[in-house]
Amino acid sequence: MTPFVFSTTKSIVSEIGVINRIADISADLKITRPLVVTDQGIVQVGLLQPLDRAFKQQGMEYSCFDRVVADPPEHIVLSAVAYAKQHNVDGVIGLGGGSSLDTAKLVALLANSGEQLADIYGVDAIRGKRLPLILIPTTGGTGSEVTPIAIVTTGDTTKAGIVSPELLPDIALLDASLTVGLPPQVTAATGIDAMVHAIEAYTSAIKKNPYSDLLAKQALTLLSNNIIEATFNGTNLAARQAMLLGACLAGQAFANSPVAAVHALAYPLGGHFHIPHGLSNALVLTQVMQFNLSHCGELYAQLAPSISDSIDLDGSNEQIAQAVIDFIARLIKQLKLPENLAQMGVADSDIVTLANDAMLQTRLLINNPKPVSLDDVKQIYRQAHQGIV
Ligand SMILES: NC(=O)c1ccc[n+]([C@@H]2O[C@H](COP(=O)([O-])OP(=O)(O)OC[C@H]3O[C@@H](n4cnc5c(N)ncnc54)[C@H](O)[C@@H]3O)[C@@H](O)[C@H]2O)c1
Ligand SMILES: [Fe+2]
């Protein structure tokens, strides 16, 4: 068997209502002055209230940095670190989507270790230790609560990653009571992002391993069976909890068996057109799968029973894999997500720039089951420009 390493968050609590115990959970980690890191959207829908209540009940003072923005730029991370130092906090709680969780990870590190943000980009550049860290996702998407990754916007159209086991939190709390207000389109897009994490982890070329395989399959079962219900009947707590858990399992899978061409082609769409991460993935997903089919038909076919029991398992791997792709194309349509790049304001003439940028994502493209050339990428974007296959 190929040697592999599997790392994940030490403790994960999946329980509706666990947020009400946040003060006790913080105290268990010896946090006495927590900093909550979140964004305005979260505050406006009232998601800070259960934390506020729980801390007040225990007579615990906390501070809150609520100025995270989507795809957090460096200056926001640095402001949050300065805020943490000013308030002399001794633990960090990230509450929100990937943007808030990634910011919280970096604050926990930089407020304690004295390192500079500019020095820690890339893989394993972190030297110091972080403060105790609790992550509470409110979108069923990125899986950031179980990934050793933080992603920062570094330029007008570019993002960079910081990767280190030091960024895994002490504990992740999965509580669907925090996700019932997530708007349908965000639920659908972040749910597709999580499905892509599972699919790309299962077909990843280099680090795929038995743990990531198991997690990817279980993630897909939860995600594909609940995404429609969670999107269109958002108060269904069981469906919401299944999405949170599915996204977390998919996060564990791709943290150890990394994502590939779907993400490589999605990132430039976010960078140039500010298309949200999950939607960018949805817009290129089926085209990339169609491209990869010749090299990983068997693996796609193996995923069929996890994705839907309506997929016919008679036939060749190629036929079953095609049925998987067709099922996902139908799912994206059912979710009423935008279906092509043209609809998102991308012009034919933008494809060359997008393709050149996608080719720079070598850290992702090396994981793709089929080698990808610049011409291939242009062709995939052209297909995505016209719409879902
Ligand atoms: N660390 C990782 O492993 C990892 C992986 C993939 C992506 N990312 C990063 O994560 C970010 C994207 O995260 P995201 O897709 O979760 O979205 P997000 O954190 O950017 O949030 C999107 C919007 O949804 C709102 N929102 C979140 N939860 C809500 C709720 N329960 N109710 C109402 N509104 C809510 C937020 O206020 C925000 O306006 C990007 O920066 C991306 O690069 C990180
Ligand atoms: Fe993603």
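Only a predicted model underlies this, so the values are computations on that prediction, with no experimental measurement involved.

Participant: Help me get a handle on the overall build of the protein chain, residues and values and all.
Facilitator: From N to C terminus, the protein chain includes 14 helices and nine strands. Whereas a compact globule of 389 residues would reach a radius of gyration of roughly 21 Å, the protein chain reaches 20 Å, a difference of no more than 12%. Along the first, second and third principal axes, the C-alpha set of the protein chain runs to 60 × 45 × 40 Å. With 389 residues in all, the protein chain has 53% of them scored as buried. Of the contacts formed within the protein chain by residues at least 6 apart in sequence, a portion of 77% connects residues at least 24 apart.

Participant: An account of helix H9 (residues 261–273) is needed here, citing residue identities and associated values.
Facilitator: Here H9 spans 18 Å end to end across 13 residues, near enough to the 18 Å set by a 1.5 Å rise per residue. Counted residue by residue, H9 has eleven buried out of 13 residues, so it is predominantly covered. Looking only at H9, the buried set comprises Ala261, Val262, His263, Ala264, Leu265, Ala266, Tyr267, Pro268, Leu269, Gly270 and Gly271. Against the buried residues of H9 lie strand E8 (159–163), helix H6 (184–202), helix H10 (277–307), helix H12 (351–359), helix H13 (362–365) and helix H14 (374–386). One or two steps after H9, the chain reaches His274, where phi turns positive at roughly 55°.

Participant: Let's hear about the packing of H9 against H12: which residues, and what values?
Facilitator: One way to put it is that H9 packs onto H12 with a least axis distance of 8 Å and a crossing angle of 125°. The orientation of H9 with respect to H12, classified from their angle, is oblique. In the crossing of H9 with H12, the sense of the turn from one axis to the other is right-handed. Facing H9, whose interface residues are Ala264, Leu265, Pro268, Leu269, Gly271 and His272, H12 presents Thr353, Leu354, Asp357 and Ala358.

Participant: Kindly report on the domain arrangement of the protein chain, identifying the contributing residues and their values.
Facilitator: On domain assignment, one finds that the protein chain holds domain 1 (11–178) and domain 2 (184–386). Relative placement of domain 1 and domain 2: their C-alpha centres are 26 Å apart. Those elements giving two or more residues to the side of domain 1 that touches domain 2 turn out to be strand E1 (11–14) and strand E9 (171–174). For the side of domain 1 that touches domain 2, a count of residues per class yields eight nonpolar, eleven polar and three charged.

Participant: Which residues make up the packing of H10 against H14, and what are the values?
Facilitator: The geometry of a pair of packed helices is captured by two quantities: the angle between their axes and the separation between those axes. Following both chains from N to C, one finds H10 and H14 inclined at 130°, their axes separated by 9 Å at the closest point. With respect to H14, the element H10 is oriented oblique. H10 and H14 meet at a crossing whose hand is right-handed. Every residue of H14 that contacts H10 at Leu283, Val284, Gln287, Val288 and Phe291 is listed here: Asp376, Ile380, Gln383 and Ala384. For the contact of H10 with H14, the residue count by class is six nonpolar, two polar and one charged.

Participant: Can you tell me about H10, naming the residues and giving the values?
Facilitator: Across its 31 residues, H10 extends only 22 Å between first and last C-alpha, which sits more than 12% below the 45 Å expected from 1.5 Å per residue. Taken across its 31 residues, H10 has 23 buried, putting it largely inside the fold.

Participant: Talk me through the sheet that holds strand E4 (residues 91–96); I want residue IDs and the actual numbers.
Facilitator: Reading across the sheet, the six strands line up as E1-E9-E6-E4-E2-E3 and stay open at both edges, with parallel pairing between neighbours. Since the sheet does not close on itself, it has two edges, and those belong to E1 and strand E3 (63–68), each with one partner. Adjacent strand axes in the sheet meet at a mean angle of 20° when their direction is disregarded. In this sheet, strand E6 (residues 133–137) lies alongside E4 in parallel orientation, the contact comprising five bridges. Within E6, the residue paired with Val92 across the bridge is Leu133. In the packing of helix H8 (residues 237–256) onto the sheet, contacts are made with E1, E6 and E9, and the angle to E9 comes to roughly 150°.

Participant: Which residues make up the site of ligand 1, and what values do they have?
Facilitator: As a matter of local geometry, ligand 1 sits amid 29 residues, with Gly41, Gly97, Gly98, Ser99 and Thr147 nearest to it. Only helix H2 (40–44), helix H5 (98–113), strand E7 (149–153), H6 and H10 provide two or more residues apiece to the shell around ligand 1. When residues in the shell around ligand 1 are grouped by element, the largest group, four residues, is from H5. Residue composition of the shell around ligand 1, by class: nine nonpolar, 17 polar and three charged. Counting residues domain by domain, the shell around ligand 1 receives three or more from each of domain 1 (11–178) and domain 2 (184–386).

Analysis parameters
- Residues numbered from 1 in each chain as written.
- Chains lettered and ligands numbered in written order.
- Predicted model: local features only at pLDDT ≥ 70, side-chain atom pairs only at ≥ 80, totals over all residues.
- Helix = DSSP H or I, 4+ residues; strand = E, 2+ residues; numbered from the N terminus.
- Rg over C-alpha atoms; globule rule 2.2 N^0.38 Å.
- Buried ≥ 20, exposed ≤ 12 C-beta atoms within 10 Å, placed from the backbone.
- Contact = placed C-beta atoms within 7 Å.
- Expected span 1.5 Å × (residues − 1).
- Axes fitted to C-alpha atoms, helices over the stretch in contact; angles between N-to-C directions.
- Parallel < 35°, antiparallel > 145°, perpendicular 65-115°, else oblique.
- Left-handed = near helix turned anticlockwise from the far one by under 90°.
- Domains from an automatic or database assignment.
- Nonpolar A, V, L, I, M, F, W, Y, C, P; charged D, E, K, R; others polar.
- Pairing = 2+ DSSP bridges.
- Near = placed C-beta within 6 Å.

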